[in-house]
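Structure assessment
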Amino acid sequence: MLQRLDIPLSLDPRRVLMRPYGNPDSPQGKHMIERVLALPESELSELLRGVMADFGHRHPDVPGKLKQRFEQLGVEGHLSHERKQLLGAVFSCEYSIEAAALFNPSIVAHPDQSGLQPGELRFVLSLRCTGEGHISSIGFRTGVLTAGADVRLDPPARYAVEPCLMVGQECAFDPARPLGERVLFPMTEAQRNGIEDARFVECEGSYYGTFTAYDGRNIQPQMVETKDFLRFHFVNLTGDAIRNKGMALFPRKVGGRYLMLGRQDGETLTFMESDDVHRWNEARPLVGPRFPWELVQIGNCGSPLETERGWLVLTHGVGPMRQYCIGAFLLDRDRPDKIVASLREPLIKPNDDEREGYVPNVVYSCGSILHQGYLVVPYAMSDSACRFARVELTTLLDAME
């Protein structure tokens, strides 16, 4: 029934951000500044040429980034351009955003659908990128689904860049940088150790990504909003039902209300309703583990997808030996808090090529898409890499009981 596509997405440690390094106000930071200030002017040009030879080709506008970093240091006095640049370099480093893992993808239609052949759909793929210190960020890839539901990925981006503007919980990227270069790296205290498992969905004219913010000890459900994947707004979700992980927004209101799937207790799915997309107080049980392959827990694998027969929900189930499988059930179209059919066996179970990795025996997705009569599922393999699978929608729905 399911066809795995031979389109692997593997981590690339060469994708590096240029990030701040060191604290200029610490004793060590002050010593670093003193050492640079003590260098003879005659040595600066050669030192700076070495920096540019080693790193100038690895990032766009390295001089501009060094200037920006210098301005953050608060060093006063009349300094030459070369000394400012070297101070910026001393307090900068490279961070490989996906050196440890590239996983847990979600997929939505791209806001720009121009220039395509009939039956094609351009998409945006969001990915959880994990690097040094197990810090997770959101990266993006783009591509096209063909009329036959094949996947044509765009070439990987040359660079990785952070927003050029960050104010409070708002950020914006340079429009000249392609979407595949843009990285949402943790920018608030609550996100300090990671932005995890973003589930993007298009709803009411905007794209919403629900995710888990992690500060190293505590988790907090949050949301990021955008209309164009150029400007982003982070929001703290509030309300009595905002607990735990794995919240997935429905792609439209039903009965005039926003709907969302959640998992407040860590092992069962709940159904949530609200008049405000940022505040959620109402939650009631929807379904718990029922089948042998989900004896430990059940959760969603992204936002529900609307079909003529009802709302299609992909799930993850955890069974013996912490094996994750992807399953599916169907919710009533008009009463989406009611399950009308379920797939008794997993849709995707880790095979021999997928079970080895950072976290073994796991297949997981944060969002799928319907296209030309197919369900297309991007999914992670053992928290290390990703691939795609597809299945005819009618075949899947007919297999449900």
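The structure under discussion appears in the preceding block.
Here we summarise the structure given alongside this text. (Residues numbered from 1 in each chain as written. Predicted model: local features only at pLDDT ≥ 70, side-chain atom pairs only at ≥ 80, totals over all residues. Heavy atoms only, no water.)

Helix and strand counts for the protein chain stand at five helices and 27 strands. In terms of overall dimensions, the protein chain is globule-like: its C-alpha atoms have a radius of gyration of 23 Å, near the 21 Å expected for 401 residues. Relative to its full complement of 401 residues, the protein chain shows a buried share of 55%. In the protein chain, once contacts between residues fewer than 6 apart in sequence are set aside, the share between residues at least 24 apart is 56%. Just so you have it, the protein chain exposes about 17700 Å², and 48% of that area is on carbon and sulfur atoms. (Helix = DSSP H or I, 4+ residues; strand = E, 2+ residues; numbered from the N terminus. Rg over C-alpha atoms; globule rule 2.2 N^0.38 Å. Buried < 20%, exposed > 50% of the residue type's maximum accessible area, 1.4 Å probe, protein only. Contact = heavy atoms within 4.5 Å. Areas by Shrake-Rupley, 256 points an atom, 1.4 Å probe, with all protein chains shown as cover.)

So, about the side chain of serine 96. Positionally, serine 96 belongs in strand β3 (residues 92–96). Of the polar contacts made by the side chain of serine 96, one reaches the backbone oxygen of proline 13; its length is 2.8 Å. Ignoring anything within four residues of it in the chain, the contact list for serine 96 reads Asp12, Pro13, Arg15, Val16, Gly131 and Glu132. (Polar contact = N/O pair within 3.5 Å; in protein donor to acceptor, adjacent residues only side chain to side chain.)

On to the nonpolar core, then. Among the nonpolar cores identified, the biggest contains 28 residues, and Ile97, Leu125, Leu145, Val151, Val376 and Phe388 are the most heavily contacted of them. Every element with two or more residues in this core is listed here: β1 (3–9), β4 (101–109), β5 (121–130), β26 (374–381) and β27 (385–392). Apart from the residues within four sequence positions on either side, leucine 125 is in contact with Leu9, Pro105, Ser106, Ile107, Gly139, Phe140, Arg141, Pro378 and Phe388. Counting residues in hydrophobic clusters, the runner-up holds 23 residues, among them Leu312, Ala328, Val363 and Ala389. (Core = buried A, V, L, I, M, F, W, Y, C linked by side-chain atoms within 4.5 Å.)

This part covers the environment of leucine 39. Within the element layout of this structure, leucine 39 appears in the loop between α1 (27–37) and α2 (41–55). Exposure remark for leucine 39: the relative accessible area of 23% places this residue in the partly exposed category. Separated by 44 residues in sequence, leucine 39 and arginine 83 have C-alpha atoms that sit 8.7 Å apart. Discounting residues that sit within four places of it in the chain, leucine 39 has contacts with Leu44, Leu47, Arg83 and Leu86.

Our next topic: the sheet that holds strand β17 (residues 269–274). The antiparallel open sheet is built from four strands, whose spatial order is β15-β16-β17-β18. Every interior strand has two partners, whereas the edge strands, β15 (248–249) and β18 (282–287), have only one. Relative to β17, strand β16 (residues 258–262) runs antiparallel, the two being bridged by five bridges. Across the sheet, residue methionine 260 finds its bridge partner in β17, namely methionine 272. (Pairing = 2+ DSSP bridges.)

The pairing of strand β9 (residues 170–172) with strand β14 (residues 231–236) spans three bridges and is antiparallel. Across the sheet, cysteine 171 pairs through a bridge with phenylalanine 232, a residue of β14. Relative to β14, strand β13 (residues 219–226) runs antiparallel, the two being bridged by four bridges. In the sheet register, glutamine 222 faces β14, and the bridge partner there is asparagine 236. What sits between β13 and β14 in their antiparallel hairpin is a turn of four residues, with phenylalanine 229 showing a positive phi close to 60°.

Another point: the layout of surface pockets. The volume enclosed by the largest pocket comes to roughly 710 Å³. Forming the walls of the largest pocket are 26 residues, and the residues nearest its centre are Met18, Lys65, Gln68, Glu162 and Pro163. Considered class by class, the residues forming the lining of the largest pocket number 14 nonpolar, five polar and seven charged. Arg128, Asp197, Lys245, Tyr324 and Asp383 are the residues nearest the centre of the second largest pocket, which is lined by 21 residues in total. Mapped onto the lining of the second largest pocket, the elements with two or more residues apiece are β4, β11 (194–203) and β12 (206–214). It is β11 that provides the largest number of residues to the lining of the second largest pocket, a total of three residues. Here the residues of the lining of the second largest pocket are counted per class, giving seven nonpolar, six polar and eight charged. (1 Å grid on protein atoms, 1.4 Å probe; cavity = no way out; pocket = protein on both sides within 12 Å on 5 of 7 lines; lining within 4 Å. Points joined across faces, edges and corners; volume = space filled by probe spheres on them. Nonpolar A, V, L, I, M, F, W, Y, C, P; charged D, E, K, R; others polar.)

Before going further, it helps to spend a moment on the pairing of β11. For β11, the tally of buried residues reaches nine of ten residues, placing the bulk of the element in the interior. Where β11 lies against β12, eight bridges are found, and the strand directions are antiparallel. Residue pairing across strands places isoleucine 195 opposite alanine 213, the latter belonging to β12. Between β11 and β12, which pair antiparallel one after the other, the connecting turn spans two residues, and glutamate 204 there sits at a positive phi close to 55°.

This part covers empty space enclosed by the protein. In this structure the tally under the stated criterion is four cavities of 30 Å³ or more. Volume-wise, the largest cavity comes out at about 60 Å³. Taken together, Asp197, Arg199, Thr210, Phe211, Thr212, Pro221, Gln222, Leu237, Lys245, Gly246 and Met247 make up the full set of residues lining the largest cavity. Of all elements in the fold, only β11, β12 and β13 reach the threshold of two or more residues within the lining of the largest cavity. Sorting elements by how many residues they give to the lining of the largest cavity places β12 first, with three residues. The volume enclosed by the second largest cavity comes to roughly 50 Å³.

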